[in-house]
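So the chains spell out like this:
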Amino acid sequence: MRTTKFINKGLAAILFTVLSLNITFGQEVVDKIIAKVDNYIILKSEIEQAYAGFLSSGEAANFTGDARCLILEQMIETKLMLAMSEIDSVDVDAGRVDYELQMRMQNIVQQMGSERAIEEAYGKSIDQLMEELRPNVEEQLRVSAQEEYILSSVTVTPAEIRKFFNNIPKDSLPLFNTEFEIGVIVKKPVPNEAEVQKVKDQLMKIRERAMNGENFEILAIENSEGPSGPNGGNLGLAKRGQMDPAYEAGALALKPGEISMPVVSQFGIHLIQLIEKRGNEYDSRHILITPKPTEQDIQRTSNELDSLRTLILSDSITFASAAKQFSDDEGTKVNGGFLTGQFGTNKISAENLDPTMFFIIDEMSEGDISKPEIIEMMDGSKAARIIYYKSKVGPHRANMTDDYEKLRAATLGMKKDQKRSEYIKEKMKEVYVMVDPEFNRCGITNN
């Protein structure tokens, strides 16, 4: 069986594909079983939905094979991974599924413009759509966990990287565009105590309403600013140690049904209602409101970042150490503040660089650190940022000096693909696989 990769384009496209069963095919017979892998089945409707998504993605223009065969192969591989995850006892927490589901739906809402736009398009509430998406999200997470279980031990040596590089014909070495090494330190303003107290007072009024009999979930829908708000603030079962420590401590101090006083965590201030405790797990819901910093708070943060910049320029602290200690950008601080490129390196190509940042560094010299600027975060909040323009590498063909990390990533990816292919080939002999004769042309082995 061939092992190939198929890339879905965008979360919105995924939502359309998952939910299109009753819209696209109407009264047609769409529940014919095309394949069975252990106890998992693949329906013809699923293949046709994925095929429609493939055609709309724009990839079909450059594809010359049998796309339905490719899709079926991928689905069989997915079901095989699911079957093996049961055998290997690899699973994902329900809390992780809830979190991923909420974040993905939030992203889809942003792409579509509003919850109402989605609800009008499908005639269903957000909660109903999330429940329809849940099995797919859980399946994706289980497959990812199983692949991690299989491939986590794969490593590469310098000798393997050099061998990989030497096997590439010199005239086939890839050309890389201009690349930059850029670091950032982002500081989010801390709201002053008056703003914090204002939110606590607001939550206390909401708590009083709940204590007087109003439904906590409805209050969460009306007031909570967290991604779980539209879902009544429900977070699902979580294991101890999984949530923010302050939140967990507040939740576990309650008896089922009780509502906490305002609890401050790194995400904001919560009212927590404990639903139940179950061994090492607990189920809770919450109302989250985040205090908003004032313009004075923002300016104070900018001044603090300017002082940090002075320390870095005077060699009192390195940029990487400062980023790890003080940056609020979780995506870069673990890497010493540096942006990560396509291959996991500190070099990011010019075409992948944010245009705003490109114009800033265009006015800088290598080694410069910019003065603090106020930026708008993805959630609409404001923060202060400084940029470190470390180095620039011009257009060049791949080489072991400038592109070692890229070559390492490529070598590692090749070894993982090989191991995954071998694993699937081996398990195809152990797990029952049936394919309908309609797809005999695909060359997928029937057991």
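Residues numbered from 1 in each chain as written. Predicted model: local features only at pLDDT ≥ 70, side-chain atom pairs only at ≥ 80, totals over all residues. Heavy atoms only, no water.

1. Considerations on the overall build of the chain
Along the chain, the regular secondary structure elements total 16 helices and 13 strands. Its C-alpha atoms put the chain at 70 × 65 × 40 Å along the principal axes. Sorting the 447 residues of the chain into buried and exposed places 42% on the buried side. Here the contacts in the chain between residues at least 6 apart in sequence split such that 69% fall between residues at least 24 apart. Total accessible area on the chain stands at roughly 24,100 Å², and carbon and sulfur atoms take up 50% of it. Distance between charge centroids for the chain: 4 Å, based on 52 positive and 69 negative side chains. (Helix = DSSP H or I, 4+ residues; strand = E, 2+ residues; numbered from the N terminus. Buried < 20%, exposed > 50% of the residue type's maximum accessible area, 1.4 Å probe, protein only. Contact = heavy atoms within 4.5 Å. Areas by Shrake-Rupley, 256 points an atom, 1.4 Å probe, with all protein chains shown as cover. Lys, Arg positive; Asp, Glu negative; His and termini not counted. Charge placed at Lys NZ, Arg CZ, Asp CG, Glu CD.)

2. A word on the sheet that holds strand β1 (residues 33-37)
The sheet built from three strands is open, its strands ordered β2-β1-β13 with antiparallel pairing. Each end of this open sheet is capped by a strand with a single partner; those strands are β2 (40-43) and β13 (433-435). Across the sheet, the mean angle from the axis of one strand to that of its neighbour is 15°, orientation sign disregarded. Here three bridges tie β1 to β13, and the two strands are oriented antiparallel to one another. Of the residues in β13, the one forming a bridge with Ala 35 is Val 435. The strands that helix α3 (residues 44-57) touches are β1 and β2; relative to β2, the one it contacts most, it runs at about 55°. Here helix α4 (residues 67-87) sits on the sheet and contacts β1, β2 and β13; the angle it forms with β2, its principal contact strand, is near 165°. (Pairing = 2+ DSSP bridges. Axes fitted to C-alpha atoms, helices over the stretch in contact; angles between N-to-C directions.)

3. Structural notes on the nonpolar core
Where a protein is soluble and globular, its nonpolar side chains tend to be buried together. Judged by nonpolar contacts, the single largest core of 42 residues is most densely connected at Ile 47, Leu 72, Ile 76 and Val 435. When residues of this core are traced back to their parent elements, those giving at least two are β1, β2, α3, α4, α7 (126-151), α8 (158-166), α16 (404-427) and β13. The element that contributes the greatest number of residues to this core is α4, accounting for 11 residues. Counting 14 residues, the second-largest nonpolar core is a separate cluster that includes Val 97, Ile 108, Ile 118 and Leu 129. (Core = buried A, V, L, I, M, F, W, Y, C linked by side-chain atoms within 4.5 Å.)

4. Details of the packing of helix α5 (residues 94-112) against helix α6 (residues 115-122)
The interhelical angle for the contact between α5 and α6, taken along N-to-C directions, is 90°, at an axis separation of 7 Å. The orientation of α5 relative to α6 falls into the category roughly perpendicular. Of the residues in α6, those touching α5 at Ile 108, Val 109 and Met 112 are Glu 115, Ala 117 and Ile 118. The class makeup of the residues in the contact of α5 with α6 is five nonpolar, no polar and one charged. (Parallel < 35°, antiparallel > 145°, perpendicular 65-115°, else oblique. Nonpolar A, V, L, I, M, F, W, Y, C, P; charged D, E, K, R; others polar.)

5. Regarding the packing of aromatic side chains
Enumeration over the complete set of coordinates arrives at eight aromatic pairs. Pairing Phe 54 with Phe 63 gives two aromatic rings, centres 5.4 Å apart and planes at 80°, and the pair type is edge-to-face. A ring pair is formed by Phe 319 and Phe 338, whose centres lie 6.1 Å apart and whose planes are at 55°; its orientation type is tilted. Placement of the pair is Phe 319 in helix α13 (residues 319-326) and Phe 338 in the loop between α14 (330-333) and β9 (347-349), with a sequence separation of 19 residues. As far as burial versus exposure is concerned, Phe 319 and Phe 338 are alike and both buried. Among the aromatic residues, those joined into a cluster by ring pairs are Phe 180, Phe 358, Phe 359 and Tyr 389. Seen from the ring of Tyr 51, Arg 68 lies directly overhead, with NZ or CZ sitting 3.8 Å from the centre. (Phe/Tyr/Trp six-rings, centres within 6.5 Å; stacked < 30°, edge-to-face > 60°. Lys NZ or Arg CZ within 6 Å of the ring centre and 35° of its normal.)

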